[in-house]
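# Descriptive analysis of the structure
Read off the chains here:
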Amino acid sequence: MGWIAPLWIGLAVGAAARWLYPGGKRLGWLAALLAGVIGALVGYYGGQFAHLYADGQIMAWTAAVIGAMVVPAAWGLLRGGR
């Protein structure tokens, strides 16, 4: 799958997070996209590093999507009411 597929997953989920975020405008577009990409890459490569799955397995896709959802949400919550 390489690094390009988690990048696209992160961009898509980051955009969806920004669009669907219930808290309003806590996260800008660039921050949401960046957080989605970081989350997808960490989820994808973190699981491979921990030997939970191999490249191209369905769990790798799942981990990339979950990581891309968790990081923008956490970033928005940590940022708070600034």
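You'll find the chain entered in an unreviewed UniProt entry as Transglycosylase associated family protein, with Ralstonia insidiosa given as the organism. Regarding the chain, the UniProt comment filed under Sequence similarities (unreviewed entry) reads as follows: "Belongs to the UPF0410 family."

This part takes up the packing of aromatic side chains. Geometry of an aromatic ring pair is reported as the spacing of the ring centres plus the angle between the planes. Enumeration over the complete set of coordinates arrives at one aromatic pair. When the ring of Tyr44 is compared with that of Tyr45, the centres are 4.8 Å apart and the planes differ by 80°; the resulting orientation is edge-to-face. For Tyr44, a relative accessible area of 1% translates into the label buried.

Another point: the nonpolar core. Judged by nonpolar contacts, Ile9, Val13, Ala40, Tyr44, Tyr53, Ala60, Ala63, Ala64 and Ala68 together constitute the single largest core of nine residues. Within the residue set of this core, elements represented by two or more residues are helix H1 (4–20), helix H2 (29–49) and helix H3 (58–79). Broken down by element, this core gets its largest block of residues, four residues, from H3. Ignoring any residue separated from it by four or fewer positions in sequence, one finds Ala40 in contact with Pro6, Ile9, Gly10, Ala64, Gly67 and Ala68.

Another aspect to go through is the UniProt feature "transmembrane region" (unreviewed entry) in the chain. Here, the residues flagged by UniProt with the feature "transmembrane region" (unreviewed entry) are residues 27–46 and 58–78. Note that residues 27–46 is 90% helix and 0% strand, and that its end C-alpha atoms are spaced 25 Å apart. Structurally, residues 58–78 is divided into 100% helix and 0% strand, and its ends, taken at the C-alpha atoms, are 30 Å apart.

Reading the values: rules and limits
Residues numbered from 1 in each chain as written. Predicted model: local features only at pLDDT ≥ 70, side-chain atom pairs only at ≥ 80, totals over all residues. Heavy atoms only, no water. UniProt positions renumbered as here; feature names shortened; annotations may be inferred. Phe/Tyr/Trp six-rings, centres within 6.5 Å; stacked < 30°, edge-to-face > 60°. Buried < 20%, exposed > 50% of the residue type's maximum accessible area, 1.4 Å probe, protein only. Core = buried A, V, L, I, M, F, W, Y, C linked by side-chain atoms within 4.5 Å. Helix = DSSP H or I, 4+ residues; strand = E, 2+ residues; numbered from the N terminus. Contact = heavy atoms within 4.5 Å.

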